[in-house]
Amino acid sequence: EPEVTQTPSHQVTQMGQEVILRCVPISNHLYFYWYRQILGQKVEFLVSFYNNEISEKSEIFDDQFSVERPDGSNFTLKIRSTKLEDSAMYFCASREALYDYTFGSGTRLTVV
Amino acid sequence: EDKVVQSPLSLVVHEGDTVTLNCSYEVTNFRSLLWYKQEKKAPTFLFMLTSSGIEKKSGRLSSILDKKELSSILNITATQTGDSAIYLCAAGGGYQKVTFGTGTKLQVIP
């Protein structure tokens, strides 16, 4: 069964450092998303991406965040200067048309 | 602002019991409601519901959407310890984001 792949599975970074979280969506999917889940809290939407541009973003997705699809297969989330409160599980998801979202297994980001 | 509310927040049942999990939503331009099971990591897809009154089934799990009441239920019959997880409901409009509820934590004890 096709999968959304995320790397790394766990990343520890120092406050103020830049991190890039990587995702490889399912190959024929056209819509891509990033969500995050702070420990013990609900899954929150960050950004959606379609046709090589952001189609919607949440209030969380401020200037410190950016997304890119650099080579037609990878989909990345960059956090420019991490804060302690960015510590969370970050999920990438993709979908084909209106069918089910497929989530990746997540990257646990720990900012120290 | 879109909102999804799940109840109960947590539930403890014995193996073999039947459980019903509830989800209500207020979503602009609603198109679909999704149920997920979350164990240790990523949510895994259970159902997507778009039409009111049509039950979807997968083994011991079933779900139905009521667009008039803006709600959905997830039923699990003959529960097993492997059903222990957080069950997430999410609702969305079209191709855009989905909004998640806080989840129902189900614990099935032998």
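Higher on the page you've got the structure.
Before going into details, it helps to say that this report is about the structure given with it. Small disclaimer: the values here were computed from a predicted structure and weren't measured.

A word on the state of the cysteines
Here a disulfide denotes a covalent bond joining the sulfur atom of one cysteine to the sulfur atom of another.
All names here are of chain A.
1) Next: All chains considered together, the criterion is met by two disulfides over all chains.
2) Next: The disulfide that involves Cys 23 links it to Cys 92, with 2.0 Å between the sulfurs. Between Cys 23 and Cys 92, the S-S dihedral sits near -65°, and the bridge is therefore left-handed. Linking Cys 23 in strand 3 (residues 19-24) with Cys 92 in strand 9 (residues 88-95), this pair joins segments that are 69 residues apart in sequence.
3) Next: According to the relative accessible area criterion, Cys 92 is buried, its value standing at 0%.

Overview of the pattern of salt bridges
1) Next: Within the structure shown, the criterion is met by two salt bridges over all chains.
2) Next: The residue Arg 36 of chain A makes a salt bridge to Glu 44 of chain A at a minimum N-O spacing of 3.2 Å.
3) Next: Looking at Arg 36 of chain A, the relative accessible area reads 10%, which means it is buried.
4) Next: Since its relative accessible area comes to 23%, Glu 44 of chain A is described here as partly exposed.
5) Next: Between Asp 83 of chain B and Arg 60 of chain B there is a salt bridge, with the nearest N and O atoms lying 2.8 Å from each other. With Asp 83 of chain B in the loop between strand 8 (71-76) and strand 9 (85-92) and Arg 60 of chain B in the loop between strand 6 (56-58) and strand 7 (61-66), the pair connects residues that are 23 residues apart, well separated along the chain.
6) Next: On the basis of relative accessibility, which here comes to 5%, the residue Asp 83 of chain B falls in the buried class.

Details of the interface of chain A and chain B
1) Next: Chain A puts 23 residues into the contact, and the matching count from chain B is 19 residues.
2) Next: Here chain A packs against chain B, burying approximately 1800 Å² in sum over the two surfaces, 61% of which is carbon and sulfur.
3) Next: For the pair chain A and chain B, the interface holds zero salt bridges.
4) Next: Every element with two or more residues in the side of chain A that touches chain B is listed here: strand 4 (31-37), strand 5 (43-50), strand 6 (53-57) and strand 9 of chain A.
5) Next: No other element matches strand 4 of chain A, which puts four residues into the side of chain A that touches chain B.
6) Next: By residue class, the composition of the side of chain A that touches chain B is twelve nonpolar, seven polar and four charged.

Analysis parameters
Residues numbered from 1 in each chain as written. Chains lettered and ligands numbered in written order. Predicted model: local features only at pLDDT ≥ 70, side-chain atom pairs only at ≥ 80, totals over all residues. Heavy atoms only, no water. Disulfide = S-S within 2.5 Å. Helix = DSSP H or I, 4+ residues; strand = E, 2+ residues; numbered from the N terminus. Buried < 20%, exposed > 50% of the residue type's maximum accessible area, 1.4 Å probe, protein only. Salt bridge = Lys/Arg side-chain N within 4 Å of Asp/Glu carboxyl O. Contact = heavy atoms within 4.5 Å. Buried area = accessible area lost by both parts, 1.4 Å probe. Nonpolar A, V, L, I, M, F, W, Y, C, P; charged D, E, K, R; others polar.

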